[in-house]
Every structure is written in C-alpha cells, then in structure tokens.
Amino acid sequence: MKSLLSKLMWFLALFLSHYMIAMVAYNYCTLEWGGKYDGFSAPPETAFLYAIPFMIAILVCCVAAKVLERKKDD
C-alpha cells in the first residue's frame, strides 16, 4: 500500500509540474496580449507568480513520496 501511495505522490508531482507550465504560459501570453492591445497595466512577468504555489505543492509531494518510499524499505 505504501508503494502505491509513493507512486501516486510522484505522479501527482509530475502532473502538477506540467499543469504549472501550461497555466503560467497561458497567463503570460494573456498578459502580454492584454498589455499590447487591451490596456492591461500588469507586466507579463507577473504570470510567474502563479508558479509559487505549484512549486510548494510539488516539493511537498516529492518529500511525501520519499518518506513513503523510506517507510516501505523498513
């Protein structure tokens, strides 16, 4: 069971990393287009702030997977 949970945590970390990339890229493009044509005041680089919660969640998933793998070996 712990092996399954460990694999699930690794999968979740991988899924979150790919979702983070898609979300940041989409928001960057939206802010860049909006700045040029729609009058947005925020620079496109603010889209990278969306990556912070994802990075924290990915780190938590990786640590949890390592802990679960270590408990499986015991």
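Here, every reference points to the structure presented above.
Rules of the game
Residues numbered from 1 in each chain as written. Predicted model: local features only at pLDDT ≥ 70, side-chain atom pairs only at ≥ 80, totals over all residues. Heavy atoms only, no water. Helix = DSSP H or I, 4+ residues; strand = E, 2+ residues; numbered from the N terminus. Contact = heavy atoms within 4.5 Å. Phe/Tyr/Trp six-rings, centres within 6.5 Å; stacked < 30°, edge-to-face > 60°. Buried < 20%, exposed > 50% of the residue type's maximum accessible area, 1.4 Å probe, protein only.

### Description of the side chain of Ser6
- Counting through the fold element by element, Ser6 comes out in helix α1 (residues 2-38).
- For Ser6, the contacting residues outside a window of four places in its chain are Ala65, Leu68 and Glu69.

### Concerning the packing of aromatic side chains
- For the structure shown, the criterion picks out 4 aromatic pairs.
- Between Phe15 and Tyr19, the ring centres sit 6.1 Å apart and the planes meet at 15°, which makes this aromatic pair stacked. Here Phe15 pairs with Tyr19, and both are found in helix α1, just 4 residues apart, close to one helical turn.
- On the accessibility criterion, Phe15 (45% relative accessible area) is partly exposed.
- With centroids separated by 5.7 Å and ring planes inclined at 45°, the aromatic side chains of Tyr28 and Phe48 adopt a geometry described as tilted. Of this pair, Tyr28 sits in helix α1 while Phe48 sits in the loop between α1 and α2 (51-73), and the two are 20 residues apart along the sequence.

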